[in-house]
Amino acid sequence: MNSNWAEWAIKHKQVIHFFSALIAIMGIFCYAVLGRQEDPSFPLTQMVISAAWPGATAKQMEMHVTDKIEKVVQTVDDVDYVTSYSRAGVCVINVYLKESVPSETIPSHWLDVRNLVNDKRSELPADMYGPFFNDHFDDVFGNVYAITSDSFSYEEMRKVASLIKDEFVQVPDVKKVELLGVQPEKIYIQVDNEKLAQLGMSVDQLAAVVQAETSVTPAAMKHNGKSNIYLRLTGLPDTVKNIENIPVSGNGRTLRLGDIARIERGYVEPSDPKMYFNGKPAVGISISMVDGGNNLRLGRNLDKKVAEIRQQLPLGFEFNQVLNQPKVVKDSINEFVESLVEAILIVLVVSLMTLGRQSGYVISVCIPLVLMCSMVGMFLAGIDLHKMSLGALIVALGMLVDDSVVVVEMIETKINEGWDRIKACSFAFESCAKPLLTGTMITCASFMPIAFARSAVGEYAGSLFTVVTITLMSSWLVSATVAPTLAHSWLKKEDKGGGEVAEASMYQGGFYDVFRKLLKWSLHHRVTVIIISIGIFIGSLLLGKLLKQEFFPASTRPELLVDMNLPEGTSLKTTDEAARKLTEMVLKEEGVNSISTYVGESSPRFVLVIQPVQPRDNYAQLVVVAKDLEARKQLEKKIKVMIEDHFPDVQSYSHSIPLGPPTPYPVMFRVTAPTDNQAKEYAAKLKEIMVANEHVTVINFDWMEKAPAVKVELDDDKLRQMGLTRKTVAAALYAEISGYSISKYYEGDQAIDMVFRLEPKDHQNISDLGTMSIPTARGAVQLNQVAYLSYENEDGMIWRRNLLPTVTVNAGIIDSVTGNDVTNEIWLASEELRKQLPLGVKIEIDGPSEKSVKSLASILRPVPAMLIIMVILLMLMLMDVRKVFVVTCIAPLGLVGVILGLFLFNTPMGIMAQTGALALVGTIIRNGTVLVDQIDQHLAQGMPRLKAVTESVIVRFRPIMLTALTTVLGLIPMFPSDFWRGMAIAISCGLTVATLITLVVMPVIYCMVFKVKNEEQ
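Residues numbered from 1 in each chain as written. Predicted model: local features only at pLDDT ≥ 70, side-chain atom pairs only at ≥ 80, totals over all residues. Heavy atoms only, no water.

Visitor: Account for the overall build of the protein chain, with residues named and values stated.
Guide: The number of helices and strands found in the protein chain is 34 helices and 30 strands. Looking at the protein chain as a whole, 55% of its 1017 residues are labelled buried. For the protein chain, restricting intrachain contacts to residue pairs at least 6 apart in sequence, the fraction spanning at least 24 positions comes to 80%. For the protein chain, the accessible surface area stands at approximately 43900 Å², while carbon and sulfur atoms represent 57% of it. Averaging the coordinates of the 96 positive side-chain charges in the protein chain and doing the same for the 110 negative ones gives two points 5 Å apart. (Helix = DSSP H or I, 4+ residues; strand = E, 2+ residues; numbered from the N terminus. Buried < 20%, exposed > 50% of the residue type's maximum accessible area, 1.4 Å probe, protein only. Contact = heavy atoms within 4.5 Å. Areas by Shrake-Rupley, 256 points an atom, 1.4 Å probe, with all protein chains shown as cover. Lys, Arg positive; Asp, Glu negative; His and termini not counted. Charge placed at Lys NZ, Arg CZ, Asp CG, Glu CD.)

Visitor: Go over the packing of aromatic side chains with me, naming the residues and quoting the values.
Guide: All chains considered together, the criterion is met by 17 aromatic pairs. With a centroid separation of 6.2 Å and an interplanar angle of 25°, the aromatic rings of tryptophan 5 and phenylalanine 429 are classed as stacked. Residue tryptophan 5 is located in helix α1 (residues 5–11), and its partner phenylalanine 429 is located in helix α14 (residues 421–445); the two are separated by 424 residues in the primary sequence. Accessibility expressed as a relative area gives 30% for tryptophan 5, which makes it partly exposed. Pairwise contacts between aromatic rings join Trp5, Phe429 and Trp476 into one cluster. Its guanidinium or amino end placed over the ring of tryptophan 419, lysine 423 lies 4.6 Å from that ring's centre, counting from NZ or CZ. (Phe/Tyr/Trp six-rings, centres within 6.5 Å; stacked < 30°, edge-to-face > 60°. Lys NZ or Arg CZ within 6 Å of the ring centre and 35° of its normal.)

Visitor: With reference to specific residues and values, describe the nonpolar core.
Guide: Counting residues in hydrophobic clusters, the biggest one holds 205 residues, and the most contacted among them are Ile367, Val395, Ile411, Leu464, Leu686, Met690 and Trp980. Counting residues per element, this core draws most heavily on helix α13 (residues 387–416), at 18 residues. Apart from the residues lying within four places of it in its own chain, the contact partners of isoleucine 411 are Ala424, Cys425, Ala428, Pro484, Ala487 and Leu491. (Core = buried A, V, L, I, M, F, W, Y, C linked by side-chain atoms within 4.5 Å.)

Visitor: Can you explain helix α21 (residues 572–587)? Please cite residues and give values.
Guide: Taking 1.5 Å per residue, 16 residues should reach 22 Å; α21 reaches 22 Å between its end C-alpha atoms and fits that length. Among the residues of α21, those classed as buried are Leu572, Thr575, Asp576, Ala578, Ala579, Leu582, Thr583, Met585 and Val586. Against β13 (274–277), β16 (559–565), β17 (592–599), β18 (619–626) and α22 (629–646) lie the buried residues of α21. (Expected span 1.5 Å × (residues − 1).)

Visitor: Would you mind going over the pattern of salt bridges in detail, with residue names and values included?
Guide: All told, the structure shown has 43 salt bridges when counted by the stated rule. Here aspartate 80 ties to lysine 854 by a salt bridge, and the two come within 3.9 Å at their closest N and O atoms. Of this pair, aspartate 80 sits in strand β2 (residues 79–87) while lysine 854 sits in helix α28 (residues 847–860); the two residues are 774 residues apart in sequence, bridging distant segments of the chain. For lysine 854, a relative accessible area of 37% corresponds to the partly exposed category. When salt bridges that share partners are traced, they join Lys59, Glu62, Asp67, Glu70, Lys71, Asp676 and Arg800 into one network. (Salt bridge = Lys/Arg side-chain N within 4 Å of Asp/Glu carboxyl O.)

Visitor: Explain the pairing of strand β10 (residues 247–250) to me, using residue names and the numbers behind them.
Guide: The alternating pattern of β10 places Val248 and Gly250 on a buried face, while none of Pro247 and Ser249, on the opposite face, is buried. Where β10 folds back onto strand β11 (residues 253–256) in an antiparallel hairpin, the turn is made up of two residues, including asparagine 251, whose phi is positive at roughly 55°. (Pairing = 2+ DSSP bridges.)

Visitor: An account of helix α23 (residues 676–691) is requested, with residue identities and associated values reported.
Guide: Taking 1.5 Å as the rise per residue, α23 with 16 residues should run 22 Å; its terminal C-alpha atoms sit 22 Å apart, in good agreement. For α23, the set of buried residues is Asp676, Ala679, Lys680, Tyr682, Ala683, Leu686 and Met690.

Visitor: Please set out the environment of threonine 663 residue by residue, giving values where relevant.
Guide: Tracing the backbone shows threonine 663 in the loop between β19 (651–656) and β20 (667–672). Here threonine 663 falls in the buried class, since its relative accessible area comes to 18%. In this view, threonine 663 contacts Gly847, Pro848 and Lys851; residues no more than four positions away in its chain are not counted.

Visitor: Can you lay out the pairing of strand β1 (residues 46–52) for me, pointing to particular residues and giving the numbers?
Guide: Summarising burial for β1: five of the seven residues are buried, a large majority. Here seven bridges tie β1 to strand β3 (residues 90–97), and the two strands are oriented antiparallel to one another. Across the sheet, residue alanine 51 finds its bridge partner in β3, namely cysteine 91. In this sheet, strand β4 (residues 129–134) lies alongside β1 in antiparallel orientation, the contact comprising four bridges. Residue serine 50 lies in a different strand from β4, and its bridge partner there is phenylalanine 132.

Visitor: Explain a nonpolar patch on the surface to me, using residue names and the numbers behind them.
Guide: On the surface, Val15, Phe18, Phe19, Leu22 and Met26 cluster together into a nonpolar patch covering about 430 Å² of accessible area. Inspection of the secondary structure puts phenylalanine 18 in helix α2 (residues 13–33). (Patch = residues over 30% accessible without salt bridge, like charges linked within 9 Å, V, L, I, M, F, W, Y side chains within 5 Å.)

Visitor: How would you summarise unusual backbone geometry if you had to cite specific residues and measurements?
Guide: The omega torsion of the bond from glycine 130 to proline 131 falls at 5°, within 30 degrees of zero and hence cis. Within the secondary structure layout, proline 131 lies in strand β4. The omega angle of the peptide bond from glutamate 269 to proline 270 is -10°, so this bond is cis rather than trans. For proline 270, the location among the structural elements is in the loop between β12 (261–267) and β13. Not every positive phi belongs to a glycine, and methionine 879 is a case in point at roughly 60°. Its location among the elements puts methionine 879 in the loop between α29 (863–878) and α30 (881–889).

Visitor: How would you sum up the packing of α21 against α22? Please name residues and give values.
Guide: Their axes nearest at 11 Å, the elements α21 and α22 cross at an angle of 135°. With respect to each other, α21 and α22 are oriented oblique. Here α21 and α22 pass one another in a crossing that is right-handed. Across from Lys581, Leu582, Met585 and Val586 in α21, the residues of α22 making contact are Ile639, Met642, Ile643 and His646. Classifying every residue of the contact of α21 with α22 by side-chain character gives six nonpolar, one polar and one charged. (Axes fitted to C-alpha atoms, helices over the stretch in contact; angles between N-to-C directions. Parallel < 35°, antiparallel > 145°, perpendicular 65-115°, else oblique. Left-handed = near helix turned anticlockwise from the far one by under 90°. Nonpolar A, V, L, I, M, F, W, Y, C, P; charged D, E, K, R; others polar.)

Visitor: Break down the side chain of serine 149 for me, with residues and values.
Guide: Mapping serine 149 onto the fold places it in the loop between β5 (143–148) and α5 (154–169). Side-chain polar atoms of serine 149 contact the backbone nitrogen of serine 151, separated by 3.2 Å. Of the polar contacts made by the side chain of serine 149, one reaches the backbone nitrogen of phenylalanine 152; its length is 3.0 Å. (Polar contact = N/O pair within 3.5 Å; in protein donor to acceptor, adjacent residues only side chain to side chain.)

Visitor: Help me get a handle on the domain arrangement of the protein chain, residues and values and all.
Guide: Partitioning the protein chain into structural domains gives domain 1 (1–32 + 356–495), domain 2 (46–134), domain 3 (185–216 + 237–267 + 707–795) and domain 4 (507–546 + 880–1016). Contacts between domain 1 and domain 4 engage 33 residues on the former and 29 residues on the latter. Our count for the domain 1 to domain 4 interface comes out at one salt bridge. Across the pair arginine 926 and aspartate 403 runs a salt bridge, and its minimum N-O distance is 2.2 Å. Here domain 1 is connected to domain 4 by three residue pairs in polar contact (both at pLDDT 80 or more). Listing elements by their share of the side of domain 1 that touches domain 4, those giving two or more residues are α13, α14, α15 (448–451) and α16 (456–461). With 17 residues, α13 is the largest single contributor of residues to the side of domain 1 that touches domain 4. (Domains from an automatic or database assignment.)

Visitor: Help me get a handle on the side chain of arginine 956, residues and values and all.
Guide: Mapped onto the fold, arginine 956 is located in helix α33 (residues 945–971). Summary of buried charges: arginine 956 has no salt-bridge partner, and the nearest side chain of opposite charge, aspartate 933, is 5.0 Å away. Of note is the side chain of arginine 956, whose polar atom sits 3.0 Å from the side chain of glutamine 934. Those residues in contact with arginine 956, other than ones at most four positions away along the chain, are Val406, Met410, Cys432, Val930, Leu931 and Gln934.

See below:
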């Protein structure tokens, strides 16, 4: 094959046309079958370990369960940090791996955690339940439905929801279906304590009798020589009436269970976490999609199934859609596709207006073809259509036209000089292919840091590098083959004379004359130009200190999440009342589409970037779906006033869904100390400093308050006299107050707990606890006969981080500032407090500010490798260290435009803006490489060096400005996007300034490095 690809392509047009058509067809097909998501998938390096030890205080859980599990977990390789909270009878340990851990090795780390913790099970309390492990936190339940009814019970709603669940499981692309807000049924055996005492029975003895009559036990299996025959016993209670007929014997008497107890069927008390939809009790159905699935296809399939379900739904039930992720994804993708189409049209118009009709037609064909190549590449690389991949296409769009513009412009110039069209196309490849390939590879390399960042940001935005690389390399390939083929057929010579006359006429005129004078002045005042450039660069760095800082911007989705935290120790019933009251108030406001309320837990993870809250009785969450973004902002203000006026005891925080990896609050600080009291003391002092900040709206602690408790001091001597033990008393109290599960009642597919408990009339008030009866073999005794009762407060929750008590101080902020900026303000204001901290006490930044620092560090870590690759490519291309030095000198100056653009557009310096600034380096170096290569070509033709410099700048002025213009204008549709605005402004403004620097300052640096004298001209 001919080494000149353009010449070969022209001679084999049929082959080029065939593969162009094939790529176009394949691209359309791949676009149709690519998965659709709102956000890219990224692994969550978190595991939750939970355990229950009924009867233990929060402190006992911390010392005897939490602490031991934490110490084992910390021995696992690559564990970053461990957090935990201990509550009365329950503990939850969160294990976080380092973000640098490869996603494919995460399951093996979780297996190590399971094995090591289970190996230490013997050192944990014998009567503890668990530990239980959960590492499936990346399931996104983006489709949520609700069954509501004004006339049917929770159980009847559950039955309908369960049938619908079975239907949804069969829908293609569905991964999991889970029910929400289910209230389990219970069979309550409400014992009359006096009658139980008359029989001389304890709770345990009565439980044993009921268990013997209701348990499923194997009878026998007889082998008759040919087959196995099982013996099946009948008689299991199948109605509540049959449970009442269970015989109970004591003190020589035999009674029915119904004679000494009232048997009732009801719901769990206290209730399990609840769900409401628009204020009505609901049973929710949440659906997650399979990995790599197509959200739009899933949405269509679900809509069909929902239509069928509604036709078969029994009267009296309502079936509502709470959250519709496919619609959100469709709207998001449509928005990006619109931006992509706008960018394509802008680039095409610019090409037609600047290059002329014939050249513009060539570019108009090349752009869609490159995009189709990108679709094929994304399909092969397993990259779905989502926020990052579509944004990457828009970012690459302005750049992908560069190669074709340079090639077509060169061909057009040579044809107008009178060259043969094949020779002109061949020359364009010979003169442009190598520098353009080097420049393209350098531009791709500039996106490396975000792809190789070993962090959540790298996982989230890593497809940016892949898509840009596929697109730009496809662009180079098209410019080397398809563009010359089309140019050979379509470009005609314009009547401008021939040879040098035509070439000279192209670079003459008013504008070129002015630019020549500017260039000439710059080359005659080299030191002045360098001093001015350095001054502008230093000034921009100083201006950069005025830029706002942020991690990721807020989302524009309509959902508003309202977290309600009631005082520690609050019952779920009280939390339920407060949440329902707030829901009713918000429903009366304008701009509300729907409200789903979750009591005792948070909503399911319906977006990957939100962080679910672990279940607890004093917590509730409202997911308010507003009609639009403006309505959401207004509702947020109104809800804040409602809570301040009507819920003084509630700590509430309203927030939108974040963009990027999840963070609960915009401002977060950790206070860690050797003791609980020290952590609380200095957290309170830090809060006083935060209150003084005018940008802070609300401040919450993750734990601080104590919860009420009744201390029962048993008298051991009296216990022995009564024939009682501590365990007997505890079991009796547990059974009488909370309820004591003794057996199962089987009905259909349900296994319903049978629960002993005291008649409600016997324990309505806390003051009645002392008069409660404890059954003994010699009759019942009151609790206050064997114990002394006192009232006290104890820690209801204890948070730890890496084995030490830790209080996290969280804050919300006003709209006009960023969390990172407010965090920095508070950090500076707390300097005096931090100097006075005793040994072992630490105040550290948490939340988005900490993640910003870590993410930026992970992005900067591959930068040396990126620079080495760029320098190697430059050296192989330029073959001269001095030329490499000249090209690399101009790269940092692009920061001038980045900072100036962000400042003028009032845009924070976030992760995406920082990524854009790094990506800009490759584009600047690419333009510099093309210019130096042009100088070398002129020197090879025998031009004096100074004239070669000036003429090269003039010759390359048009293509460099054209490529910069298409890139900048192609990014304009991304300016309205909150997510992409930072990167779009950084690249467009940075490239605008960098282009001027390349055309003016770089020739000066070149002349100084090569010691070119002005007299040569």
